[in-house]
Amino acid sequence: MTNPSLDPSLDIPVRAPSATSADDTVLPFEISALDLRGRLVRLGPAVDDILARHNYPKPVAQLLGEAIALTVLLGSALKMEGRFILQTQTDGPVRMLVVDYRTPGKIRACARFDKKAVATMIEAGNATSGALLGTGHLAMTIDQGSANSRYQGLVALTGGRLEDAAHEYFKSSEQIPTRVRLAVAEEFSQGKGQHWRAGGMLLQFLPKAPERMKVADIHPGDAPEGTPGHVVEEDDSWLEGQSLIGTVEDVELVDPALSSERLVYRLFHERGVRVFKSLDIVSQCSCSRDNVEAMLKSFSQDDRDHMVENGKISVTCEFCSSNYLFDPADVVPDPAEAEKESEEQGEASGKHGA
Ligand SMILES: [Zn+2]
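Residues numbered from 1 in each chain as written. Predicted model: local features only at pLDDT ≥ 70, side-chain atom pairs only at ≥ 80, totals over all residues. Heavy atoms only, no water.

## A short note on the nonpolar core
- Residues Ile-68 and Val-72 are the most contacted members of the largest nonpolar core, which totals 58 residues.
- Here the element with the most residues in this core is helix H2 (residues 58-75); it accounts for 11 residues.
- When near neighbours in sequence (up to four residues on either side) are disregarded, Ile-68 contacts Leu-43, Val-47, Ile-50, Leu-51, Val-99, Ile-107 and Ala-109.
- Counting 22 residues, the second-largest nonpolar core is a separate cluster that includes Leu-36, Leu-244, Leu-263 and Val-275. (Core = buried A, V, L, I, M, F, W, Y, C linked by side-chain atoms within 4.5 Å. Buried < 20%, exposed > 50% of the residue type's maximum accessible area, 1.4 Å probe, protein only. Helix = DSSP H or I, 4+ residues; strand = E, 2+ residues; numbered from the N terminus. Contact = heavy atoms within 4.5 Å.)

Below is the structure:
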């Protein structure tokens, strides 16, 4: 799914590290001595805009923040125009998370959850990410326009963190040794109040010789006691990479006073690290009055009638909470258009009035 090769034209041979964090950016980097490549995402206003707009309970906002950081880490690998969509579907109090990344760097996100169940969990003090999600699956979809450029990878969610699910995904679908770190925090500053921040790092081992990419299987939990785990000697470079990313602290990923370049340098300077041109991220929805109008026109008259309240049809975007208000008469398809569409549909599916 992700294309690990970086565009060489993006290479900047000399780059002075900036002193402070450049928020809402993805910084690609490379440690060629260890055959490691990675990306570091730092999100400030972009993630705060999304989370503040929704005003979700804190643990839900935190979880969605992690999903946003993960989506940006993965979506920013897209080399062509397209979308990357991360979606969870689980049996826990947070039954669905959706994060939508559109090139270049536009994100939107929302969560569906059971208010009462979340409140109960918060009260009991056990509203962890894993518990909020429960079990189900995580789907990651790449959509590059045409039907045959759509790709979906699925991975089970079993009460663990999103980081664990991402590791499992890369192991089973991509077969690229990968480590991911995610962090979300609230920043309190005088005069500016409270704001959400998120950060994440992805590190991948991409040796020229594929036989070096060996990774051990996860120990089968249901095997009889005493069964030895699958032992594979991992490459020394990858072992070193894993131990280095393992030292990244949550606070380093979200610290506004620590720049991405400095963090990458702090972690990998002994081996020599090179950074590439960073990519900007912005919170931006793709809904519009025209889109909503077209959607309403595609509904049956009966469906539209059921949506009328106080003489109006009101539609609120689940991602950005924008509200669109229509006069029912304005969203009735014009008869010529409707006939044409119904003919087209009839030709395509062989039936009318779906
Ligand atoms: Zn919207």
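Back to the text.
## Some remarks on the coordination of the zinc ion
- Ligation of the zinc ion by protein atoms is provided by Cys-285 (SG), Cys-287 (SG), Cys-317 (SG) and Cys-320 (SG), these donors lying 2.2 to 2.3 Å from the ion.
- Spacing between the donor residues of the zinc ion along the chain follows C-x1-C-x29-C-x2-C. Of this pair, Cys-287 sits in the loop between strand S12 (282-283) and helix H9 (289-298) while Cys-320 sits in the loop between strand S14 (312-316) and strand S15 (323-326), and the two are 33 residues apart along the sequence. (Donors = N, O, S within 2.8 Å, 3.2 Å for Na, K, Ca; no water.)

## Looking at H2
- For H2, with 18 residues, the first-to-last C-alpha span of 25 Å sits near the 26 Å given by 1.5 Å per residue.
- With 16 of its 18 residues buried, H2 lies for the most part within the structure. (Expected span 1.5 Å × (residues − 1).)

## Overview of the packing of helix H1 (residues 45-54) against H2
- In the contact formed by H1 and H2, the axes pass within 10 Å of each other and the chain directions differ by 140 degrees. In terms of axis orientation, H1 runs oblique to H2. As H1 packs across H2, the resulting crossing turns out to be right-handed. Across the interface between the two elements, Val-47, Ile-50 and Leu-51 of H1 pack against Ala-61, Leu-64, Gly-65 and Ile-68 of H2.
- Of the residues contributing to the contact of H1 with H2, the split by class is six nonpolar, one polar and no charged. (Axes fitted to C-alpha atoms, helices over the stretch in contact; angles between N-to-C directions. Parallel < 35°, antiparallel > 145°, perpendicular 65-115°, else oblique. Left-handed = near helix turned anticlockwise from the far one by under 90°. Nonpolar A, V, L, I, M, F, W, Y, C, P; charged D, E, K, R; others polar.)

## Examining unusual backbone geometry
- A cis amide bond links Thr-103 with the next residue in sequence, Pro-104, at an omega value of -10 degrees.
- Within the fold, Pro-104 resides in the loop between strand S4 (94-102) and strand S5 (106-113).
- Despite not being glycine, Asp-24 has its phi angle at roughly 60 degrees, a positive value.
- Accessibility expressed as a relative area gives 12% for Asp-24, which makes it buried.
- With a phi angle near 65 degrees, Ser-321 is a residue other than glycine that sits in the positive phi range.
- Looking at the secondary structure, you find Ser-321 in the loop between S14 and S15.

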